[in-house]
Amino acid sequence: MPKRAQQKRSLLGLAFQAGIVVLGLIPLWLFDIPLATEGLSVPAYLAWGTAAGVITYGVLLLLSLTDLLSSDTLQKHLRDLHRFVRSQSWPVLIGLAILAGVGEELLFRGVIQGWVSEYLGNIVGILAGGVIFGLAHALSRAYFTVATALGVVFGVAYAITDSIQLVMVWHGVYDLVVIFILRCYPQLFGLTETAGPG
């Protein structure tokens with residue numbers, strides 16, 4: 001891919017993720033949806049979020065060794081994602097992971113779970129945020145299932161800790177670990193090296 005086209009693709013990816021941050025902030029402000037931020041200290045949410053992100057990757061790696069997550073469409077998605085991460089610079093990949101963690105958690109946990117919980121209770125809010133998170137990531141049936149389960153886990157963590165920062169860090173670290181492994185150790189996903197910058 002020509003360098004100019006690659007730069008455009010990188011900027012579009014960053015702009016999309018930044019747009020999700022804005023999409024999460026606008027309804028919080030417009031509808032005065034409460035955002036829980038006081039549950040954990042900065043060192044606590046950084047430590048717990050980082051540990052949870054790494055552990056979550058480990059659990060999903062173990063699940064990927066089973067038939068549950070070995071569908072052809074999921075493997076195609078992993079191959080496409082592998083090509084993408086190999087074609088991007090580390091600053092772009094880190095920016096994408098951070099923006100995804102912040103933006104998606106603002107939108108799915110802060111806005112959707114927060115708003116639904118306010119009117120229908122925590123359980124319905126957690127499930128709504130999780131299912132909509134899964135639908136937004138529904139590249140295959142298996143990935144929808146994994147993303148929904150992960151969204152529910154993020155939602156429970158947010159409800160228990162009253163810390164949106166925890167789930168932001170958790171999500172961002174998980175994305176960074178997946179990016180790192182896909183880029184540097186694709187064989188762990190059953191993939192072989194492909195052309196592109198390393």
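Residues numbered from 1 in each chain as written. Predicted model: local features only at pLDDT ≥ 70, side-chain atom pairs only at ≥ 80, totals over all residues. Heavy atoms only, no water.

**Some remarks on the nonpolar core**
If you look at the biggest cluster of nonpolar residues, it comprises 46 residues, and the most contacted ones within it are Tyr57 and Phe189. Those elements that provide at least two residues to this core are helix H1 (3-30), helix H2 (42-64), helix H3 (72-87), helix H4 (90-120), helix H5 (122-136), helix H6 (141-161) and helix H7 (164-184). Not counting residues within four places of it along the chain, the set of residues in contact with Tyr57 comprises Tyr174, Val177, Val178, Ile181, Leu188 and Phe189. (Core = buried A, V, L, I, M, F, W, Y, C linked by side-chain atoms within 4.5 Å. Buried < 20%, exposed > 50% of the residue type's maximum accessible area, 1.4 Å probe, protein only. Helix = DSSP H or I, 4+ residues; strand = E, 2+ residues; numbered from the N terminus. Contact = heavy atoms within 4.5 Å.)

**Digging into H2**
With 23 residues, H2 should reach 33 Å at 1.5 Å per residue; the first-to-last C-alpha distance of 33 Å fits that figure. Considered for burial, the residues of H2 that qualify are Ala44, Tyr45, Gly49, Ala52, Gly53, Thr56, Tyr57, Leu60 and Leu61. On the buried face of H2, the contacting elements are H6 and H7. (Expected span 1.5 Å × (residues − 1).)

**Structural notes on the side chain of Asp175**
Relative to the assigned elements, Asp175 resides in helix H7. One buried charged side chain, Asp175, makes no salt bridge at all; its nearest oppositely charged neighbour is Arg109, positioned 10 Å away. Every residue in contact with Asp175, bar those within four places of it in the chain, is listed here: Ala97 and Ala100. (Lys, Arg positive; Asp, Glu negative; His and termini not counted. Salt bridge = Lys/Arg side-chain N within 4 Å of Asp/Glu carboxyl O.)

**Side note on H5**
A rise of 1.5 Å per residue sets the reference length of H5, with its 15 residues, at 21 Å; its end C-alpha atoms lie 21 Å apart and thus fit the reference within 8%. Taken residue by residue, H5 has Gly125, Ile126, Ala128, Gly129, Gly130, Phe133 and Gly134 as its buried positions. Each element contacted by the buried residues of H5 is listed here: H4, H6 and H7.

**A few points about the packing of H4 against H5**
Contact geometry for H4 and H5: axes closest at 7 Å, N-to-C directions at 145 degrees. The way H4 lies across H5 gives a crossing that is right-handed. Contact residues: Glu104, Glu105, Phe108, Arg109, Ile112, Gln113, Val116, Ser117 and Leu120 in H4; Asn122, Val124, Gly125, Ile126, Ala128, Gly129, Gly130, Ile132, Phe133 and Ala136 in H5. (Axes fitted to C-alpha atoms, helices over the stretch in contact; angles between N-to-C directions. Left-handed = near helix turned anticlockwise from the far one by under 90°.)

**Some points on the confidence of the model for the chain**
Averaged over every residue, the pLDDT of the chain is 90; residues scoring 70 or more account for 93%. Mean pLDDT across the elements of the chain bottoms out in H3 (83) and peaks in H5 (97). (pLDDT = per-residue confidence, 0-100.)

**Focus: the packing of aromatic side chains**
Tallied over the entire structure, the rule returns 6 aromatic pairs. When the ring of Phe108 is compared with that of Phe133, the centres are 5.2 Å apart and the planes differ by 85 degrees; the resulting orientation is edge-to-face. Taken together, the residues Phe108 in helix H4 and Phe133 in helix H5 connect sequence positions 25 residues apart. Of the two residues examined, Phe108 and Phe133, each falls in the buried class. (Phe/Tyr/Trp six-rings, centres within 6.5 Å; stacked < 30°, edge-to-face > 60°.)

**Comments concerning the pattern of salt bridges**
Tallied over the full model, the rule gives 2 salt bridges. Of the charged contacts in the structure, one is a salt bridge between Asp80 and Arg83, with a shortest N-O distance of 2.5 Å. With Asp80 and Arg83 both in helix H3 and 3 residues apart, the pair spans about one turn of that helix. Overall, the relative accessible area of 31% leaves Asp80 in the partly exposed class. Note that Arg109 and Glu105 form a salt bridge whose closest N and O atoms lie 2.6 Å from each other. Separated by 4 residues within a single helix, Arg109 and Glu105 lie in helix H4, roughly one turn from each other.

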